[in-house]
Amino acid sequence: MIRHLCHAALRLPAMGISLALLLSACATQDIRPIQQTPGPVQRQPEAPALSPQISAAADTLTKMADLQDRLYKVAAPLLIQNAELCKGQARNLLGFTAKNRWSYPGDYNEAAHVAFGMDERLQVTSVLAGSGAARVGLQVGDVLLAAGGKPLPTGEHAPTQAGGIFGKIVASHASLPMTIERRGSERQIAIPVTRTCAFAIELGNADNVNAYGDGSRVLVTRGLINFTRNDDELAFVLAKTMAHNMLGHAAAQRNQATIGSIIDNLRSINPDTSMLIGSGGIKAMPADADAAADRLGIYLAARAGYDVADAPAFWRRLAEAYPPSVLNGYAANHPALPARLAAVERALNEVKNKRSGKKALMP
């Protein structure tokens, strides 16, 4: 358990499960020469041991951080390279998230504080690759001190209050001047805004193999992330769920509130998995709507630089492993495999022809 805590830095994700700090449980000890004369050996004081509860909570946060980091890495080019296709769902964003210890409930609050040293101040918990924040070198673990010359709030309500400050500045400026603290030293940076699809990318803390889009968010469960064999396969899932959002399918199917409730539940650290019994109240996606999302998803993934050639094999493997009879699985909510494969094959041919003709990949 403790070996997970002794990394030089730990990342906790945007949903509130990630941070990067030197770990207080892993203090470096001086190497002393062997004494040539008898005498007592002087030992460095050891860091206090973590309780089993805090150690378990810290281990949970670490594992969630790894999954969320992978989601963000794969999602970044999908969000940035497809901003022009998102139309009304694109926004100017800064490309980072920040949390403090109050972003975590109960033992997880203590784990963030005691095991990782997270305090009342806001710290960067994720940086979107390719964003303005990444380009100017903002790093996970940077402490946010001021924005636009104004001190940033601390304490329990700091994330919400800071969001209001950031939003006002970003709405009227092309960059956000910030004062940050890194390894005890203050630095001044200016973060340019980045035009992206404004979909929140969420980790679902459940082992069912599924993904959900409620129009503004994309959530992929731990089970589905672990099912994917590589980043291309995860990109197929993210891109198709983004496509459902872009096409307004949750609202059209009157599933928006139901899916939104499931996302709210699954993004918590300890979700109520009873909500996943059966189909969870989600209506199955009609074949024509699903095929439209499959076609658009191929374009989104291709525009983001992913290798889309193996998309048919992935969707076939997923349907074989988790058929529609698995009621809380992906195929139960998206049962039309033949229509999906046909749409994917058509989209792959379109992408191939447009590339050979040196045409823009516009669906």
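Not measured: the values here are computed from a predicted model. (Residues numbered from 1 in each chain as written. Predicted model: local features only at pLDDT ≥ 70, side-chain atom pairs only at ≥ 80, totals over all residues. Heavy atoms only, no water.)

Caption draft 1: Here's a closer look at the overall build of the chain. Helix and strand counts for the chain come out as 13 helices and 11 strands. By residue count, 49% of the 363 residues in the chain fall in the buried class. In the chain, the proportion of contacts linking residues at least 24 apart, taken out of those at least 6 apart, comes to 69%. By element, 53% of the accessible surface of the chain is carried by carbon and sulfur atoms, the whole surface being about 16900 Å². (Helix = DSSP H or I, 4+ residues; strand = E, 2+ residues; numbered from the N terminus. Buried < 20%, exposed > 50% of the residue type's maximum accessible area, 1.4 Å probe, protein only. Contact = heavy atoms within 4.5 Å. Areas by Shrake-Rupley, 256 points an atom, 1.4 Å probe, with all protein chains shown as cover.)

Caption draft 2: Broad picture of the pattern of salt bridges. What the rule picks out here adds up to 18 salt bridges. Arg-217 serves as the salt-bridge partner of Asp-264, at 2.7 Å between the closest nitrogen and oxygen. Of this pair, Asp-264 sits in helix α9 (residues 256-266) while Arg-217 is found in strand β11 (residues 217-221), placing the two residues 47 residues apart along the sequence. (Salt bridge = Lys/Arg side-chain N within 4 Å of Asp/Glu carboxyl O.)

Caption draft 3: Up close: the side chain of His-244. When you line up the elements, His-244 lands in helix α7 (residues 231-246). In contact with His-244, other than residues within four places in its own chain, are His-249, Met-285, Ala-289, Asp-290, Ala-293 and His-334.

Caption draft 4: Quick look at the packing of helix α1 (residues 52-81) against α7. Following both chains from N to C, one finds α1 and α7 inclined at 60 degrees, their axes separated by 10 Å at the closest point. Judged on the interaxial angle alone, α7 and α1 are oblique. Between α1 and α7 lies a crossing whose hand is right-handed. Residues Arg-70, Leu-71, Lys-73, Val-74, Ala-75, Leu-78 and Leu-79 of α1 touch α7, and the partners they reach there are Asp-231, Leu-234, Ala-235, Leu-238, Ala-239 and Met-242. (Axes fitted to C-alpha atoms, helices over the stretch in contact; angles between N-to-C directions. Parallel < 35°, antiparallel > 145°, perpendicular 65-115°, else oblique. Left-handed = near helix turned anticlockwise from the far one by under 90°.)

Caption draft 5: Summary view of helix α11 (residues 311-321). Of all the positions in α11, only Ala-311, Pro-312, Phe-314, Trp-315, Arg-317, Leu-318 and Ala-319 are classed as buried. Contact partners of the buried residues in α11: α6 (222-227), α7, α10 (287-303), α12 (330-333) and α13 (337-356).

Caption draft 6: Just the pairing of strand β4 (residues 143-147), in detail. Taking burial as the measure, the five residues of β4 include four buried ones, the bulk of the element. Bridging between β4 and strand β6 (residues 175-182) involves four bridges; their strand directions are antiparallel. Bridge pairing in β6 places Leu-144 opposite Ile-180. Here β4 hands over to strand β5 (residues 150-151) after two residues, with Gly-148 in that stretch at a positive phi of 60 degrees. (Pairing = 2+ DSSP bridges.)

Caption draft 7: Main features of the nonpolar core. Leu-78, Val-220, Leu-224, Leu-238 and Trp-315 are the most contacted members of the largest nonpolar core, which totals 68 residues. It is α1 that contributes the most residues to this core, 14 residues altogether. Those residues in contact with Leu-78, other than ones at most four positions away along the chain, are Ala-235, Leu-238, Ala-239, Met-242, Leu-300, Ala-301, Ala-304 and Tyr-306. Ala-158, Ala-162, Leu-176 and Ile-189 belong to the second largest nonpolar core, which has 21 residues in total. (Core = buried A, V, L, I, M, F, W, Y, C linked by side-chain atoms within 4.5 Å.)

Caption draft 8: Region of interest: the state of the cysteines. Applying the stated criterion across every chain yields a total of one disulfide. Between Cys-86 and Cys-197 runs a disulfide, and the two sulfur atoms are separated by 1.9 Å. A torsion of 95 degrees about the S-S bond marks the disulfide between Cys-86 and Cys-197 as right-handed. Taken as a pair, Cys-86 in helix α2 (residues 83-86) and Cys-197 in strand β8 (residues 194-197) lie far apart in primary sequence, 111 residues in all. (Disulfide = S-S within 2.5 Å.)

Caption draft 9: Here's a closer look at the side chain of Asn-333. You can see Asn-333 is positioned in helix α12. Here Asn-333 falls in the buried class, since its relative accessible area comes to 5%. At 2.8 Å, the side chain of Asn-333 forms a polar contact with the side chain of Asn-210. Asn-333 has contacts with Asn-210, Tyr-212, Ser-279, Ile-282, Ala-284 and Met-285, leaving out every residue within four places of it along the chain. (Polar contact = N/O pair within 3.5 Å; in protein donor to acceptor, adjacent residues only side chain to side chain.)

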